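# Summary of the model geometry
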Amino acid sequence: LVGQEIGGYGYEIGTNLPTLIKKILEIDDSFDVHVPQLHPSWAIKYADELLEVFSNPRITDIQIPIQTTSDRLLKLMRRPPFSKKVCELLKETKKRNVRTILRTDIMVGFPTETWEELRKTLDDVAPVFDELTVYGFEQKKGVPVEKMGLEFFSQEEIHSRVDWLMKNAKEKGCLVTNGGQMTVKEMQKADKLKHELSAIRDEATKGANSTLIQIGT
């Protein structure tokens with residue numbers, strides 16, 4: 001599936017994303033399905049239906065960008081406080097579908113972010129997600145946060161926090177990429193690691209597919 005915000009699919013025509021995924025999976029079994037850029041709001045709205053379809057082993061890649069698990073920071077970002085609920089949804093998904101790779105985006109250095117909030121976010125996401133894409137906060141003119149009167153971190157501090165998160169996430173077993181600028185070599189390395197992880201998951205689920213498909217139907 002490809003889209004900037006796929007979670008809202010069908011809202012205006014009386015259907016939804018889980019229904020679309022089910023219909024796609026019914027076409028035949030010659031392909032896998034990747035679910036990218038699913039906003040947490042839609043993930044929670046359709047949590048039960050999505051858990052059913054996500055349990056199918058042909059759903060091999062799910063990306064839900066949660067940014068942080070701090071409700072305080074999410075409020076400042078004007079995002080709904082659903083990150084922890086998303087983690088619970090994906091924990092259950094992981095139990096039912098060991099083949100899927102779970103990915104998210106994390107924002108680091110948002111104004112007023114504390115080290116405690118950053119550490120807690122890492123502790124929350126590392127057991128759930130296989131891959132983290134880490135973005136350092138970028139101050140841009142005209143964005144709402146500029147009018148909040150919050151103190152911004154220096155770029156040096158943000159880079160330090162990004163480096164810390166990437167290092168510690170790797171130590172916890174996550175595949176980590178920098179959402180800022182990546183060299184071609186770094187992108188190729190990240191893609192290679194993803195393919196290796198997928199191959200390991202495929203090998204681990206050989207002979208178990210029939211059970212997993214039953215769960216997803």
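Presented here is a report on the structure given in the accompanying data block.

Quick notes on the rules
Residues numbered from 1 in each chain as written. Predicted model: local features only at pLDDT ≥ 70, side-chain atom pairs only at ≥ 80, totals over all residues. Heavy atoms only, no water. Helix = DSSP H or I, 4+ residues; strand = E, 2+ residues; numbered from the N terminus. Expected span 1.5 Å × (residues − 1). Buried < 20%, exposed > 50% of the residue type's maximum accessible area, 1.4 Å probe, protein only. Contact = heavy atoms within 4.5 Å. 1 Å grid on protein atoms, 1.4 Å probe; cavity = no way out; pocket = protein on both sides within 12 Å on 5 of 7 lines; lining within 4 Å. Points joined across faces, edges and corners; volume = space filled by probe spheres on them. Nonpolar A, V, L, I, M, F, W, Y, C, P; charged D, E, K, R; others polar.

## Some remarks on helix α7 (residues 155-171)
An ideal rise of 1.5 Å per residue puts 24 Å on 17 residues; α7 measures up with 24 Å between its terminal C-alpha atoms. Turning to α7, its buried residues number three or more, namely Ile158, Arg161, Val162, Leu165, Met166, Asn168 and Ala169. The inward-facing, buried residues of α7 abut β3 (101-108), α6 (115-125), β4 (131-136) and β5 (175-178). Note on α7: the residue one or two positions beyond its end, Gly173, has a positive phi of about 95°.

## Digging into empty space enclosed by the protein
Under the defined criterion, the tally for this structure stands at one cavity of 30 Å³ or more. Space inside the largest cavity adds up to approximately 50 Å³. In terms of lining residues, the largest cavity is bounded by His39, Pro40, Pro65, Ile66, Leu74, Arg79, Pro80, Phe82 and Ser83. Of the residues contributing to the lining of the largest cavity, the split by class is six nonpolar, two polar and one charged.

## Some details on unusual backbone geometry
Unlike most non-glycine residues, Arg78 shows phi in positive territory, near 60°. If you trace the backbone, Arg78 turns up in the loop between α4 (71-76) and α5 (83-96). Given the relative accessible area of 64%, Arg78 is considered exposed. Unusually for a residue other than glycine, Thr112 sits at a positive phi of about 80°. Secondary-structure assignment places Thr112 in the loop between β3 and α6. By relative accessible area, which is 28% here, Thr112 ends up partly exposed.

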